[in-house]
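Topology and contacts: notes
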Amino acid sequence: MNDINDPTLFDYTSRQLRNLCDEAGFPSSDSAPVDMLRELLGPGGDRRLSEGPLWPSDVADDATPVEFSVALDDTGENAVRILGEVIAEQPGMAANMAAARRFLDSTAERLGIPTERFDAVQDLFLPEDPQGKFSFWYSLIFRPNATPKLKVYFNPDVRGEHRGRELVAEGFRRLGMEDAYDAASEHSVQRGEKDRFTFFAVDLDDSPTSRVKLYISHYSATAEEAVRASQAVDGLDAESIRDFCRVLGGDTVTFGGRPLVSSYSFVEADPKRPGNYSLYLPIRDYVAHDAEARERVRAFLGARGSDPAGLDRAIAAVTDRPLDEGRGLLAHVSLRLGQFGTGTTIYLSSEGYEVLPPRVDASAASAAVGA
Ligand code: TRP
């Protein structure tokens, strides 16, 4: 059954994924990405979009439980990624967590993915009655002709907001990185409730470059807070962070909408200092619509000497709607800096359930009211 006007969630998102993989040069015979998406979505993938989301996933603004991302630097890793939440057939916090666990069991076994790191921290981050917006999410990482990789995002607030710091510190300890907590928090959590741990993430991979990452949201921050956070990593260029905030934020000085987010990457060989810093800017909160977001991303890529054409290819893979008719297709943009590689990544919403309307600025709104 294939009603093209009312596709299922799987039909809709798998088409977007296939297009993104085609753009990234994956062989068309490579069915691994789409197969894995099917498994991630589970029975919820068979629901028609018109039936609405099964669960209010926080992965994306319209509750689609997946979000795409692509790296856009010329030396780019050429990866297509999905951030996704596993939703149980009878959804609920604990049921979703159990379903997500089963996804890991079957996927790890099938693909030979090592789960030691997950096992080392699961009793911390997977309580019986998970709190907050989610228990854990996955990143599925696809490269041409390669076995997919998995990354897990744990929720520091899963035992209540007041226990986030303790969970993160203990998580690092369990992974043999006891110094990482101080190294990361020293520069980034200085402003009380305005700097909050968002994700504790582990690559499920046993290569030497396998990372443990800590994400920190900076509420009502300026570029200078990001610069300060970046100083946990030696030798980063503060100007590139300022440029990133200025070009993508437009005239934003204080990012008072969705927060700027920092992340630090640690590897086992050097757990005392993060090797990389990334900054995520939720561009959708700082533009009127996606045409404006696209212009800013193009300008940023151009100034860095990257080819902006990749941006348009990625956009076209996901949607054909006019960009000025909605906001949030381009959800975040991130800048990666450090010894494990530098580059720009864009996060693309599926918009399976909803396209957020363009922002009407204050003067236009009052003109409309007056009319
Ligand atoms: N939708 C959530 C948010 O925007 C979570 C999220 C999805 C996110 N992708 C992200 C957070 C990328 C930071 C960076 O906060």
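Cut-off values and rules
Residues numbered from 1 in each chain as written. Predicted model: local features only at pLDDT ≥ 70, side-chain atom pairs only at ≥ 80, totals over all residues. Heavy atoms only, no water. Near = heavy atom within 4 Å. Polar contact = N/O pair within 3.5 Å; in protein donor to acceptor, adjacent residues only side chain to side chain. Areas by Shrake-Rupley, 256 points an atom, 1.4 Å probe, with all protein chains shown as cover. Pairing = 2+ DSSP bridges. Helix = DSSP H or I, 4+ residues; strand = E, 2+ residues; numbered from the N terminus. Axes fitted to C-alpha atoms, helices over the stretch in contact; angles between N-to-C directions. Contact = heavy atoms within 4.5 Å. Phe/Tyr/Trp six-rings, centres within 6.5 Å; stacked < 30°, edge-to-face > 60°. Buried < 20%, exposed > 50% of the residue type's maximum accessible area, 1.4 Å probe, protein only. Expected span 1.5 Å × (residues − 1). 1 Å grid on protein atoms, 1.4 Å probe; cavity = no way out; pocket = protein on both sides within 12 Å on 5 of 7 lines; lining within 4 Å. Points joined across faces, edges and corners; volume = space filled by probe spheres on them. Nonpolar A, V, L, I, M, F, W, Y, C, P; charged D, E, K, R; others polar.

Per an unreviewed UniProt entry, the recorded name for the chain is Tryptophan dimethylallyltransferase, and the organism is Saccharomonospora azurea NA-128.

Focus on the site of the ligand
What surrounds the ligand is the set Asp58, Val59, Glu67, Leu83, Trp137, Phe199, Tyr280, Arg284 and His332. One of the backbone nitrogen or oxygen atoms of aspartate 58 is found 2.7 Å away from a nitrogen atom of the ligand. Compared with its free state, where it exposes 350 Å², the ligand has 87% of that area covered by protein.

Here we look at the sheet that holds strand S4 (residues 149-154)
What the 10 strands build is a closed barrel, ordered S1-S2-S3-S4-S5-S6-S7-S8-S9-S10; its pairing is antiparallel. With strand direction ignored, the average angle separating the axes of adjacent strands in the sheet is 20°. Judged from the eight bridges that link them, strand S6 (residues 211-218) and strand S7 (residues 260-267) form a sheet pairing that is antiparallel. Following the sheet pairing, leucine 214 is matched in S7 by tyrosine 264. Its contacts with the sheet place helix H2 (residues 32-41) against strand S1 (66-71), strand S2 (80-84), strand S3 (136-142) and S4, and it is angled at close to 170° to S3. Contacts from helix H5 (residues 164-174) reach strand S5 (195-204), S6 and S7 within the one sheet, and its direction differs from that of S5 by about 30°.

Some details on the packing of aromatic side chains
Taken as a whole and assessed by the stated rule, the structure comprises 21 aromatic pairs. Judged by centre distance (5.2 Å) and plane angle (15°), the rings of phenylalanine 125 and phenylalanine 200 are stacked. Of this pair, phenylalanine 125 sits in helix H4 (residues 116-125) while phenylalanine 200 sits in strand S5, and the two are 75 residues apart along the sequence. The same class applies to phenylalanine 125 and to phenylalanine 200, which are both buried. Look at tyrosine 215 and tyrosine 280: their rings are 5.6 Å apart centre to centre, the planes differ by 40°, and that puts the pair in the tilted class. Here the residue tyrosine 215 occupies a position in strand S6, and tyrosine 280 occupies one in strand S8 (residues 276-281), the gap between them amounting to 65 residues.

Focus on helix H1 (residues 9-23)
Compared with an ideal rise of 1.5 Å per residue, which puts 15 residues at 21 Å, H1 spans 21 Å between its outermost C-alpha atoms and is within 8% of the ideal. When H1 is considered as a whole, its buried residues turn out to be Leu9, Phe10, Thr13, Ser14, Gln16, Leu17, Arg18, Leu20 and Cys21. In this fold, the buried residues of H1 make contact with H2, S1, S2, S3, helix H10 (309-318) and strand S10 (343-349). Glycine 25 lies just past H1 and shows a positive phi near 85°.

A short note on the layout of surface pockets
Unoccupied space between atoms shows up once a probe the size of one water molecule is rolled over them. Approximately 420 Å³ is the volume attributed to the second largest pocket. Around the second largest pocket, the lining comprises 16 residues; the ones closest to its centre are Tyr12, Arg15, Gln16, Val318 and Asp320. The set of elements that each furnish at least two residues to the lining of the second largest pocket consists of H1 and H10. Counting residues per element, the lining of the second largest pocket draws most heavily on H1, at five residues.

Considering unusual backbone geometry
Of note in this structure, asparagine 145 is not a glycine but carries a positive phi near 55°. Along the chain, asparagine 145 turns up in the loop between S3 and S4.

Here's the deal with empty space enclosed by the protein
The tally for this structure, following the rule as stated, stands at two cavities of 30 Å³ or more. Its boundaries defined by the atoms lining it, the largest cavity holds a volume of some 100 Å³. In this structure, the largest cavity is lined by 14 residues; those nearest its centre are Leu9, Gly44, Leu54, Pro65 and Ile87. Broken down by class, the residue content of the lining of the largest cavity amounts to 10 nonpolar, two polar and two charged. Approximately 70 Å³ is the volume attributed to the second largest cavity. Contributing to the lining of the second largest cavity are Ala60, Asp61, Asp62, Arg284, Arg327, Gly328, Leu329, Ser349, Glu351, Glu354 and Leu356. Each residue belonging to the lining of the second largest cavity can be placed in one class, and the counts come to three nonpolar, two polar and six charged.

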